[in-house]
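# Structural description and commentary
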Amino acid sequence: MGRSEEVLKRVVRSPVTVALVRFLHRNPGLLDSAEGLAAWIGREPAEVEKALEELARLGLVEPLAGARRTLYGYTRDENLLEAVGKWLAGMERT
Amino acid sequence: MAGGHGKDVMDLRPEPTGVPGLDAVLGGGLLPETAVLLEGPPGSGKTTLGIQVVVAGARRGEPGVVVTFEQPAAQLYRDAARFGWDLRALEREGLLRVVVTSPGVFCEELLSDGLLHRRLQELRARRLLVDSLSHVVLEEGETAGARRRVFALINALRGHGLSVLLTWEAGSGEGSFVEYLVDTVIRLDYQLSPDNRYRRLLSVIKSRGQAHLTGWHAFTFGPDGVTVYPAVGVVELPGAVPRTWELLTTGVPGLDAMLGGGFPAGSTILLSGPAGTGRTILGLQMVHHVAAVLGEKAAIFLNEETPEVLTQVAASFGWPLERLVAEGRVHLDFTSLLEVDTDLVLGRMARVLAEWQPAFVLVDSLGGLLHPVAEYQGVVAEKLHTLRQLVRAAGCVAVLVNRQVLGQPYLSRFGLEEAVCDGVLLLDTFKVAQRRYRVIEVYKLRQARHTTGAYRFDIGPAGIRVFYVEG
């Protein structure tokens with residue numbers, strides 16, 4: 001199993017990580033806090049924070065040191081972006 | 001000039017906004033390093049207008065950034081694509097970045113030279129849209145603290161050398177402290193017309209350092225985005241078009257002799273008469289003569305009849321209107337009477353006169369064109385003057401078809417057209433022994449030695465023929 005497949009297998013374990021990846025993939029220029037992301041996807045900030053930690057471990061989000069808090073941006077890894085794009089397209093078809 | 005005062009002066013030259021008509025309203029365009037507030041109610045076009053300005057800059061090689069607090073980027077990509085703006089392609093070229101974030105993060109990062117600040121620098125951004133500033137203020141309400149925060153934010157953005165567009169949610173007539181902090185305020189709104197249709201309007205409330213056009217100006221959403229139609233001062237023609245003629249002949253047998261040779265260049269002619277007297281036929285005959293015989297261009301602005309009916313009428317006299325349009329010798333602009341917006345038609349006319357330079361313009365009908373403002377005599381006069389100014393500036397001839405109501409004391413609908421126009425042609429009929437005759441009279445024609453009195457004419461297979469013989 002390739003790295004991308006392994007990453008996606010872990011993403012689908014939680015609806016919050018799925019919602020986050022879907023949102024980030026559609027909004028690649030995002031730069032926001034966990035609280036801000038929670039508002040964007042309509043979830044509780046605490047569970048979004050936990051999901052972001054997991055996505056950061058998987059390399060799908062990039063935690064960045066903001067002026068007052070940690071901010072998150074989407075991955076720039078081309079292989080991951082391609083794999084996520086295919087996976088989301090497949091999900092939308094079904 | 002290198003550096004110093006000279007450079008500053010150069011830098012203050014306005015840049016094109018990329019929104020047709022808006023530069024004229026703003027008094028030249030968008031001044032660099034200014035903050036522009038785009039305020040209006042929901043759906044009034046604030047975001048679209050802002051994106052259009054940023055995209056126009058990017059297409060000129062000036063990178064831009066769109067910061068969105070409410071609408072996801074995916075939606076912006078989709079909505080922009082409707083107007084042919086491929087935001088993703090511009091992002092790939094490094095000319096645009098759509099940043100999805102929260103108002104709090106935006107302020108923190110910008111005011112502390114943080115991540116956002118660095119992104120703006122990396123991109124060398126020149127134009128920035130913040131959609132919307134209302135979210136920044138909403139976090140703490142319209143307090144002194146919010147005012148300080150917004151003031152600092154605007155200054156920080158200007159300090160980056162950016163032209164900043166800030167959308168602001170505001171109902172009709174609502175003002176805000178933000179209006180005082182920015183350099184320019186553009187208000188967008190709707191107006192309910194008497195027939196319950198919405199008309200989109202835009203007004204520049206203030207514009208520091210620019211002599212802008214005051215008042216409300218109509219705007220539309222077209223396939224390429226927003227187009228603004230300045231209500232006054234629309235005459236921005238590149239000067240009179242050089243003509244090879246001084247008098248434009250009509251090609252109507254007998255009529256040119258009555259006119260003293262033809263219509264003088266730059267004339268606006270009222271063609272007035274009751275229904276059924278042949279006004280449209282006379283207008284079409286002139287269009288055909290100018291385009292097919294003289295080899296000049298003609299433009300028709302139509303609102304009562306449809307192009308199909310007009311083409312059929314022309315064909316019945318052997319005038320191939322459809323072919324002349326296809327060959328680019330006649331420009332046909334049609335708006336249903338139900339949808340006429342006087343400013344929009346005048347705006348299109350100004351563009352056609354400037355870019356296409358027809359020798360002859362037929363407006364059929366003038367009543368239809370002025371119908372939306374018919375309730376206000378002063379506005380009718382203003383629009384008529386604008387039309388005449390356009391024709392004079394272009395140095396062409398315009399014939400305005402007008403329906404005269406039987407028994408009315410005026411020659412025209414509003415009673416002022418005959419005074420404003422340079423010439424008046426009257427068509428009429430009279431009945432003798434059960435037979436009806438048609439007559440034409442040159443009632444007025446400035447700069448011409450025209451005949452006086454009415455002369456008979458008929459409408460035959462080849463069109464109108466006036467029974468007038470010189471001498």
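Everything numeric in this text was worked out from a predicted model, so none of it was measured.

We now examine helix α12 (residues 279-293) of chain B. All names here are of chain B. For α12, built from 15 residues, the straight-helix expectation of 21 Å at 1.5 Å per residue is met to within 8% by its first-to-last C-alpha distance of 20 Å. Within α12, 12 of the 15 residues are buried, which leaves the element mostly enclosed by the surrounding structure. Those residues of α12 lying buried are Arg279, Thr280, Leu282, Gly283, Leu284, Gln285, Met286, Val287, His288, His289, Val290 and Ala291.

Residue and element names in this part refer to chain B. The strand order across the open sheet built from nine strands is β3-β2-β4-β5-β1-β6-β7-β8-β9, with neighbouring strands paired in mixed fashion. Where the open sheet ends on each side, the last strands, each with one partner, are β3 (96-100) and β9 (225-229). Going across the sheet, the axis of each strand differs from the next one's by a mean of 25°, ignoring polarity. Here strand β2 (residues 64-68) pairs with strand β4 (residues 127-131) via five bridges, running parallel. Each residue of the ladder has a partner; that of Gly64, found in β4, is Arg127.

Here we take up the environment of B:Gly453. Residue position: B:Gly453 is located in the loop between β18 (435-445) and β19 (454-460). The sequence separation of B:Gly453 and B:Leu294 amounts to 159 residues, and the corresponding C-alpha distance is 28 Å.

With that settled, the discussion passes to the packing of helix α2 (residues 15-26) of chain A against helix α5 (residues 78-93) of chain A. What describes two packed helices is the angle between their axes and the distance between those same axes. All names here are of chain A. Where α2 meets α5, the axes come as close as 11 Å, and the angle between the chain directions of the two elements is 110°. In terms of axis orientation, α2 runs roughly perpendicular to α5. The way α2 lies across α5 gives a crossing that is left-handed. Along the contact surface, α2 presents Val21, Arg22 and His25, while α5 presents Val84, Gly85 and Leu88. Of the residues in the contact of α2 with α5, the class split is three nonpolar, two polar and one charged.

Okay, the packing of helix α15 (residues 342-355) of chain B against helix α17 (residues 377-394) of chain B next. All names here are of chain B. Put simply, α15 and α17 touch, their axes get as near as 10 Å, and they point 5° apart. In terms of orientation, α15 lies roughly parallel with respect to α17. Contacts between α15 and α17 involve Thr342, Leu346, Met349, Ala350 and Leu353 from the first element and Lys383, Thr386, Leu387, Leu390 and Ala394 from the second.

Let's shift gears to unusual backbone geometry. Of all residues except glycine, most have a negative phi; of all peptide bonds, most are trans. Residues and elements named next belong to chain B. At the junction of Asp131 and Ser132, the peptide bond is cis and its omega measures out at 5° in the coordinates. Assignment of secondary structure puts Ser132 in the loop between β4 and α8 (133-138). That bond from Asp364 to Ser365 is cis: its omega, 10°, falls within 30 degrees of zero. When you line up the elements, Ser365 lands in the loop between β15 (360-364) and α16 (366-370). One non-glycine residue, Gln447, lies in positive phi territory at about 60°.

Residue and element names in this part refer to chain B. One can read the domain layout of chain B as domain 1 (4-229) and domain 2 (247-466). If you average the C-alpha positions of domain 1 and of domain 2, the two centres end up 43 Å apart. Partitioned by chemical class, the residues of the side of domain 1 that touches domain 2 number two nonpolar, three polar and one charged.

What follows deals with α17(B). Residues and elements named next belong to chain B. The end-to-end C-alpha distance of α17, which contains 18 residues, comes to 26 Å, matching closely the 26 Å that a straight helix rising 1.5 Å per residue would cover. By the burial criterion, the buried members of α17 are Val380, Lys383, Leu384, Thr386, Leu387, Leu390, Val391, Ala393 and Ala394. Lining the buried residues of α17 we find β12 (268-273), α15, β15, α16, β16 (397-403) and α18 (417-420). Among the residues trailing α17, Gly395 stands out with phi positive, at a value near 70°.

Calculation notes
- Residues numbered from 1 in each chain as written.
- Chains lettered and ligands numbered in written order.
- Predicted model: local features only at pLDDT ≥ 70, side-chain atom pairs only at ≥ 80, totals over all residues.
- Helix = DSSP H or I, 4+ residues; strand = E, 2+ residues; numbered from the N terminus.
- Expected span 1.5 Å × (residues − 1).
- Buried ≥ 20, exposed ≤ 12 C-beta atoms within 10 Å, placed from the backbone.
- Pairing = 2+ DSSP bridges.
- Axes fitted to C-alpha atoms, helices over the stretch in contact; angles between N-to-C directions.
- Parallel < 35°, antiparallel > 145°, perpendicular 65-115°, else oblique.
- Left-handed = near helix turned anticlockwise from the far one by under 90°.
- Contact = placed C-beta atoms within 7 Å.
- Nonpolar A, V, L, I, M, F, W, Y, C, P; charged D, E, K, R; others polar.
- Domains from an automatic or database assignment.

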